Amino acid sequence: MKKASGEDALIEHMERAFPVGRSQRSRHRQRTMPPCSGRGPLLLGPGDDAAVLRTRPGYRLIATVDEMCEGAHFLDRFSTPELIAGKLLRMNLSDLAAMGDARPLALLTAAGLPRSASGAWARRFIKALRAEARRFRVAVAGGNISRSSDKHFAMTLLGECRGFVTRYGARPGDLVYSLGPLGLARAGLELLMSGAARGKWGELIEAFWRPRPMLAEGALIGRRGLASAMLDNSDGLYRSLGIIARLSGCRVRAALPGGACSPVLRRWAASRKKDWRLYALAGGEDYGLVFCCRATRAALVGRLLPGAVLVGETAKGRGVEVEGYGGEIPVFEHF
């Protein structure tokens, strides 16, 4: 039998890397409705036309999708397959965390690769994705691969929850909190783009490539009903506040305390003769959480989430006002 090559060989490599599909496929062949047996949520995975998952009674399925494109989200000269695989999963997990008490179940990923990346590069990506999926206990349910002039990757993540938090539940008088880093990823990207040595700025590079999805914190917020509105901070704090204000029909008065800035960001901003608040407000891809809560729950937030920083409050009106900051705040837009 002729040995598979090209696309077939890469698909076979993926099926060997994520073998649940093969065993489950033979077990459930000729059955239109597979029985809910075996371990984990995944009943049918890589190698078929679709994945099949079970969910428990009383739970809802959540789906999110995000992507990384060469030239828009990374440059080949400062990326590796391991870094891309890790960030791709983590940014999707961050979306799940923003929904509240949710847990990830399975992922599907698609890739467009140039010929130069279809061999060893792709195998390294698969190995890293497998390790990251195991780290976060996510089943790899399948995906797709195609030829492309540049590298691009898309991932759909499926999860489950009992209840969920939306972006549009804030009311005038709510407090606004930020949980997680602010501005570090933007500084890390500047460092990578400049080609400067990592040196003492390694924390900034790590923040850009390996954000920590705040699944535990999001789940706690959801279980305790702390948030009236919540989203993940993927496009910058200022834009996140604007989304909450627009969808909730209120005004956000923001004020950044010194505690919102990490020491390494303060040093980086000073070295560039820039206001650290510009990074905190306009920086993207930090993947923390931004949430609102009733003022009566402030003490509980402080006790359960000591890392949460109060960054503002909501009021009647529209838009976002940043107290004490007169500079321009560029808002990230894809187009």
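Let me sum up the structure you'll find in this document. Remember, it's a predicted structure, so these values are computed and weren't measured experimentally.

Here's the deal with the overall build of the protein chain
- Scanning the protein chain from N- to C-terminus turns up eleven helices and twelve strands.
- Referenced to the eigenvectors of the C-alpha coordinate spread, the extents of the protein chain come out at roughly 70 × 50 × 35 Å.
- When burial is assessed residue by residue, the protein chain has 49% of its 335 residues classed as buried.
- The contacts of the protein chain with a sequence gap of at least 6 include a subset with a gap of at least 24, amounting to 82%.
- Positive and negative side-chain charges of the protein chain, numbering 51 and 31 respectively, have mean locations separated by a distance of 6 Å.

As for the side chain of Lys87
- Within the fold, Lys87 resides in helix H3 (residues 81–97).
- One polar contact links Lys87 to Glu285, side chain to side chain, over a distance of 2.3 Å.
- Residues contacting Lys87, with those up to four places away along its chain left out, are Met68, Phe208, Trp209, Pro211, Glu285 and Tyr287.

A few points about the pattern of salt bridges
- Using the criterion set out here, one finds 18 salt bridges in the structure.
- Across the pair Arg223 and Asp101 runs a salt bridge, and its minimum N-O distance is 3.7 Å. Of this pair, Arg223 sits in helix H7 (residues 215–223) while Asp101 sits in the loop between H3 and strand S4 (102–113), and the two are 122 residues apart along the sequence.
- Overall, Arg223 belongs to the exposed group, its relative accessible area being 54%.
- Using a relative accessible area of 25% as the deciding quantity, one classes Asp101 as partly exposed.
- In this structure, Arg210 engages Glu132 in a salt bridge whose closest nitrogen and oxygen atoms are separated by 3.6 Å. With a gap of 78 residues between them, Arg210 in the loop between helix H6 (202–209) and H7 and Glu132 in helix H4 (residues 120–135) connect regions that are remote in the sequence.
- We classify Glu132 as buried; its relative accessible area is 5%.
- Members of the salt-bridge network, linked through shared partners, are Arg90, Glu132, Arg135, Glu206 and Arg210.

Brief notes about helix H9 (residues 263–271)
- Here H9 has its buried residues at Val264, Leu265, Trp268 and Ala269. End-on, the buried residues of H9 take up no more than an arc of 130 degrees, which puts them together on one face. Summarising the geometry of H9, the exposed residues directed more than 90 degrees from the buried face are Pro263 and Ala270.
- Buried residues belonging to H9 abut helix H5 (184–194), H6 and helix H10 (276–282).
- Among the residues trailing H9, Lys273 stands out with phi positive, at a value near 55 degrees.

Side note on the packing of aromatic side chains
- Across all of its chains, the model carries eight aromatic pairs by this definition.
- Between Tyr177 and Phe291 the ring centres are 5.4 Å apart and the planes differ by 15 degrees, which places this aromatic pair in the stacked class. Here the residue Tyr177 occupies a position in strand S7 (residues 175–179), and Phe291 occupies one in strand S10 (residues 288–293), the gap between them amounting to 114 residues.
- Given a relative accessible area of 7%, Tyr177 falls into the buried group.
- Phe291 sits in the buried class, given a relative accessible area of 0%.
- Seen from their ring centres, Trp201 and Trp268 are 5.1 Å apart, and the 85 degrees between their planes marks the pair as edge-to-face. Of the two residues, Trp201 sits in the loop between H5 and H6 while Trp268 sits in helix H9, which places them 67 residues apart along the sequence.
- Here Trp268 falls in the buried class, since its relative accessible area comes to 0%.

Observations concerning the sheet that holds strand S3 (residues 60–69)
- Spatially, S3-S6-S4-S5 is the arrangement adopted by the four strands of the open sheet, whose pairing is mixed. Only two strands of the sheet have a single partner each, and these edge strands are S3 and strand S5 (139–147). Along the sheet, successive strands turn relative to each other by an average axial angle of 15 degrees, direction set aside.
- Packing against the sheet, H3 makes contact with S3, S4 and strand S6 (152–161), and its axis sits at approximately 140 degrees to S3.

Criteria and cut-off values
Residues numbered from 1 in each chain as written. Predicted model: local features only at pLDDT ≥ 70, side-chain atom pairs only at ≥ 80, totals over all residues. Heavy atoms only, no water. Helix = DSSP H or I, 4+ residues; strand = E, 2+ residues; numbered from the N terminus. Buried < 20%, exposed > 50% of the residue type's maximum accessible area, 1.4 Å probe, protein only. Contact = heavy atoms within 4.5 Å. Lys, Arg positive; Asp, Glu negative; His and termini not counted. Charge placed at Lys NZ, Arg CZ, Asp CG, Glu CD. Polar contact = N/O pair within 3.5 Å; in protein donor to acceptor, adjacent residues only side chain to side chain. Salt bridge = Lys/Arg side-chain N within 4 Å of Asp/Glu carboxyl O. Arc of directions from axis to C-beta. Phe/Tyr/Trp six-rings, centres within 6.5 Å; stacked < 30°, edge-to-face > 60°. Pairing = 2+ DSSP bridges. Axes fitted to C-alpha atoms, helices over the stretch in contact; angles between N-to-C directions.

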